[in-house]
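Single-letter residue listing:
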Amino acid sequence: MSASEQGPKIKYGETAPKLDKAQLQFMKLIEEQNLDRVQKLKRVRRNNLLTAGALGFSVLAIYGYSIFSVQQEKFLDDFEEPKKVNTN
């Protein structure tokens, strides 16, 4: 038997205390605040991941550019003619 077929282990209708209107409103308020907090944390997490990705890409781009420029300098050095030394 699956959990849905068995039903809940606690029967809330029989054992739950009776809550008055003020307590129910307070519970709804707390739940709304919790949902707002969760949404805010999701936005912050997404923004942090985007920032980390952008920084990581920037670091790799700078590293790649520096490696490319060093290789380019060496490549251009190969085409320079050696200096002639005068032995007079």
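Since the structure is predicted, the reported quantities are computational estimates derived from the model, not experimental observations.

1. Here's the deal with the overall build of the chain
In step 1: Across its full length, the chain holds three helices and zero strands.
In step 2: Counting only residues that meet the buried cut, the chain has 0% of its 88 residues in that class.
In step 3: Accessible area for the chain stands at about 9,200 Å²; split by element, carbon and sulfur atoms hold 60% of it.

2. Comments concerning the UniProt feature "transmembrane region" (unreviewed entry) in the chain
In step 1: In the numbering adopted here, UniProt assigns the feature "transmembrane region" (unreviewed entry) to residues 49–68.
In step 2: Secondary structure content for residues 49–68 is 100% helix and 0% strand, and the end C-alpha separation is 28 Å.

3. Remarks on a nonpolar patch on the surface
In step 1: On the surface, Leu19, Leu24 and Met27 cluster together into a nonpolar patch covering about 270 Å² of accessible area.
In step 2: With respect to the secondary-structure elements, Leu19 resides in the loop between α2 (12–15) and α3 (21–78).
In step 3: Its relative accessible area of 40% is what places Leu19 among the partly exposed residues.

Cut-offs and rules
Residues numbered from 1 in each chain as written. Predicted model: local features only at pLDDT ≥ 70, side-chain atom pairs only at ≥ 80, totals over all residues. Heavy atoms only, no water. Helix = DSSP H or I, 4+ residues; strand = E, 2+ residues; numbered from the N terminus. Buried < 20%, exposed > 50% of the residue type's maximum accessible area, 1.4 Å probe, protein only. Areas by Shrake-Rupley, 256 points an atom, 1.4 Å probe, with all protein chains shown as cover. UniProt positions renumbered as here; feature names shortened; annotations may be inferred. Patch = residues over 30% accessible without salt bridge, like charges linked within 9 Å, V, L, I, M, F, W, Y side chains within 5 Å. Salt bridge = Lys/Arg side-chain N within 4 Å of Asp/Glu carboxyl O.

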